[in-house]
Amino acid sequence: MALISAKSILDNARDGHYAVGAFNINNLEWTKLILEVSEEKKSPVLLGVSEGAVKYMGGFKVVADMVAALVESLNITVPVALHLDHGSYEGSFKAIDAGFTSVMYDGSHLPLEENLQQTREVVKYAHDRGLSVEAEVGSIGGEEDGIVGLGELADPVECQKLADTGIDFLAAGIGNIHGKYPENWAGLHFERLAEVKDASNGLPLVLHGGTGIPEDQITKAIDLGVSKINVNTELQLAFAEGIREYIEAGKDLEGKGFDPRKLLAPGVEAAKQVVRDKIDMFGSENKA
Ligand code: 13P
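The following refers to the structure shown. (Residues numbered from 1 in each chain as written. Predicted model: local features only at pLDDT ≥ 70, side-chain atom pairs only at ≥ 80, totals over all residues. Heavy atoms only, no water.)

### What to know about the site of the ligand
Right, on to step 1. Near the ligand, the surroundings consist of 15 residues, among which Asp85, Gly179, Gly209, Thr211 and Thr233 are the closest.
Right, on to step 2. Glycine 209 is positioned with one of its backbone polar atoms (N or O) 2.8 Å from an oxygen atom of the ligand.
Right, on to step 3. Here the ligand has 300 Å² of accessible area as a free molecule, and 99% of this is covered by the chains.
Right, on to step 4. Here the shell around the ligand is built from residues that sort into 2 nonpolar, 11 polar and 2 charged. (Near = heavy atom within 4 Å. Polar contact = N/O pair within 3.5 Å; in protein donor to acceptor, adjacent residues only side chain to side chain. Areas by Shrake-Rupley, 256 points an atom, 1.4 Å probe, with all protein chains shown as cover. Nonpolar A, V, L, I, M, F, W, Y, C, P; charged D, E, K, R; others polar.)

### Overview of helix α9 (residues 215–223)
Right, on to step 1. Of the residues making up α9, those classed as buried are Gln217, Ile218, Ala221 and Ile222. Buried residues along α9 cover an arc of 135° about the axis, so they all sit on one side. Across α9 from its buried face, at more than 90 degrees, point the exposed residues Asp216 and Asp223.
Right, on to step 2. Count one or two residues on from α9 and you reach glycine 225, which has phi positive near 110°. (Buried < 20%, exposed > 50% of the residue type's maximum accessible area, 1.4 Å probe, protein only. Helix = DSSP H or I, 4+ residues; strand = E, 2+ residues; numbered from the N terminus. Arc of directions from axis to C-beta.)

### What about the sheet that holds strand β2 (residues 45–50)?
Right, on to step 1. Strand order in the closed barrel formed by 8 strands is β1-β2-β3-β4-β5-β8-β9-β10, with parallel pairing between adjacent strands. Taken over all neighbouring pairs, the strand axes of this sheet differ in orientation by 25° on average, direction set aside.
Right, on to step 2. Across 2 bridges, the pairing between strand β8 (residues 169–172) and strand β9 (residues 205–207) is parallel. Along β9, the bridge assignment pairs leucine 170 with leucine 205.
Right, on to step 3. Together, β1 (20–24) and β10 (226–231) form the strand contacts of helix α12 (residues 265–282), whose direction differs from that of β1 by roughly 155°. (Pairing = 2+ DSSP bridges. Axes fitted to C-alpha atoms, helices over the stretch in contact; angles between N-to-C directions. Contact = heavy atoms within 4.5 Å.)

### Re the side chain of serine 50
Right, on to step 1. Here serine 50 is to be found in strand β2.
Right, on to step 2. Within polar-contact distance, the side chain of serine 50 engages the backbone nitrogen of alanine 53 at 3.0 Å.

### Quick look at helix α8 (residues 190–199)
Right, on to step 1. Taken residue by residue, α8 has Phe190, Arg192, Leu193, Val196 and Ala199 as its buried positions.
Right, on to step 2. Here the buried face of α8 lies against α7 (156–163), β8, β9, α9 and β10.
Right, on to step 3. Looking at the residues trailing α8, positive phi occurs at asparagine 201, about 55°.

### Regarding the pairing of β10
Right, on to step 1. Within β10, 6 of the 6 residues are buried, which leaves the element mostly enclosed by the surrounding structure.
Right, on to step 2. As paired strands, β1 and β10 are joined by 4 bridges and run parallel to one another. Bridge assignment links phenylalanine 23 to a residue of β10, and that residue is valine 231.
Right, on to step 3. For β9 and β10, the ladder comprises 3 bridges, and the chain directions are parallel. From the neighbouring strand, valine 206 faces β10, where its bridge partner is lysine 228.
Right, on to step 4. The parallel pair β9 and β10 is bridged by α9, and the resulting crossover is right-handed. (Right-handed = clockwise from strand over helix to strand, strands pointing away.)

The analysis is restricted to geometry; functional conclusions fall outside its scope.
Given below as structure tokens:
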């Protein structure tokens, strides 16, 4: 199946009361492992790519062509959207031109009017091409690829204004943070989530910072309208842990254990298990 816009994927998730994972990719191995597990679980999926990861992999076209080729060569039949994660204004247009099928334009750091105006322009460009757009108010806490936020709670009035720009799904800060949650984290702010839902024209909602959120909070967030959950750090931790164990056991020194295909394999297997567990937790298995 060719890459598609994320709109139908998320509308179906909202209507079916489950969430779809948006897993960040960093290289060919990650792309392949996420696609393979999604196919195995018959789950729709979004591949999220930050601009930092785009740069790392060699550019928008490299990423778009690699993902499209893997989807074709691996005979992936589940719906897949290639989604720019926390895109800049310029990056959103470049991603669309290169073959991404969905973009998050993140103007949450800008004055509201500017965020709204730029979001409208990205929406027009994307919708003219049948692609989907996510936008954000109330920055997400933590640090990701140089994007730093303080973990605000989104203002429902601002959510309403952003929803009115014509976006397809909305990311709103509800106490979520990118990266590992600190010991003293207060948890997700469900009252604010409910207010955001009421203020956002029934749009599917997006929860960033999916790493380490306990299952009961994930379930409650999905009940309150979250239809897309972004997960990045948890795959990174599992991948690194798998490779560390392999090296610490001296396996890279046995035979041809240094071959990158062997060296990376335990990381790939560990990250695959994270994707399986998240698909189970989010309820998107067999929803393709
Ligand atoms: P984590 O790295 O905390 O899982 O967050 C991922 C994310 O929100 C990507 O936008």
